[in-house]
Amino acid sequence: MTAVVGDDARSAPDVPAGAAVTRLGSGGPWEALYGYCRVVRAGQSAITAGCTSTVDGRVAHAGDAAAQTAQAIRIGLDALAEVGAEPADVVRTRMYVTDRMYADEVGRAHNAVFGAVRPVATMVVVAGLIDPEHLVEVELEAWLGDR
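## Let's talk about the nonpolar core
Of all hydrophobic cores here, the largest spans 25 residues; its most connected members are L77, L80, V106 and V138. Here the element with the most residues in this core is helix 2 (residues 65-82); it accounts for seven residues. Apart from the residues lying within four places of it in its own chain, the contact partners of L80 are V39, A46, I47, T48, A85, V90, L140 and A142.

## A word on helix 2
Here helix 2 contains 18 residues, and its C-alpha end-to-end distance of 26 Å stays within 8% of the 26 Å for a straight helix at 1.5 Å per residue. Turning to helix 2, its buried residues are A65, A67, Q68, T69, Q71, A72, I73, I75, G76, L77, A79 and L80. You can read the cap of helix 2 off the contacts: a side-chain oxygen lies 3.2 Å from the backbone nitrogen of A66, and it is on D64. Positioned one or two residues after helix 2, G84 has a phi angle of 95 degrees, which is positive.

## Notes on the side chain of H134
The topology assignment puts H134 in the loop between strand 8 (120-125) and strand 9 (136-143). Overall, the relative accessible area of 1% leaves H134 in the buried class. In terms of polar contacts, H134 uses its side chain to reach the side chain of T52, at 3.2 Å.

## Quick notes on a nonpolar patch on the surface
On the surface, a nonpolar cluster with roughly 430 Å² of combined accessible area is contributed by L33, Y34, Y36 and I130. Looking at the secondary structure, you find Y34 in helix 1 (residues 31-34).

## Focus: the environment of V125
Relative to the assigned elements, V125 resides in strand 8. Excluding residues within four positions of it along the chain, V125 makes contact with V97, T98, D99 and R100.

## With respect to the side chain of Q68
By the element assignment, Q68 lies in helix 2. Overall, Q68 belongs to the buried group, its relative accessible area being 0%. Within the structure, the side chain of Q68 is placed 3.2 Å from the backbone oxygen of H61, a separation counted as a polar contact. Ignoring any residue separated from it by four or fewer positions in sequence, one finds Q68 in contact with S53, V59, A60, H61, A62, G63, E133, H134, L135 and V136.

What counts and what doesn't
Residues numbered from 1 in each chain as written. Predicted model: local features only at pLDDT ≥ 70, side-chain atom pairs only at ≥ 80, totals over all residues. Heavy atoms only, no water. Core = buried A, V, L, I, M, F, W, Y, C linked by side-chain atoms within 4.5 Å. Buried < 20%, exposed > 50% of the residue type's maximum accessible area, 1.4 Å probe, protein only. Helix = DSSP H or I, 4+ residues; strand = E, 2+ residues; numbered from the N terminus. Contact = heavy atoms within 4.5 Å. Expected span 1.5 Å × (residues − 1). Polar contact = N/O pair within 3.5 Å; in protein donor to acceptor, adjacent residues only side chain to side chain. Patch = residues over 30% accessible without salt bridge, like charges linked within 9 Å, V, L, I, M, F, W, Y side chains within 5 Å. Areas by Shrake-Rupley, 256 points an atom, 1.4 Å probe, with all protein chains shown as cover. Salt bridge = Lys/Arg side-chain N within 4 Å of Asp/Glu carboxyl O.

Written as structure tokens, this is what we have:
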């Protein structure tokens, strides 16, 4: 992960004055092009951008929604770890699937990681994702308390 220029609490909404804001990019193919980063830690919260099964600029696990979910969650958890969060700190997840027929396998892949943590979760069926081979995209939010 690399720091993104402009790390400044003044540019993050709802962050208390004096709270540190850290923005890290993964170097993924769309971050610089579209103006976002992989993970932001603002005070006690850490939030990932949408994570897909993109590895080294290519879609991994084409056609396998469960494997794509597991990979996307791993990418998100790795990003959260860079700002001090652990899987047990995850309080919210969002899953976007391209077909409701993937809901069960995506949900089971989510449970394999978060079954003991039990964050709040949302799964939404969408018309499509940026690459037509992506079947799922995942966002993670963590609460770090006083750390």
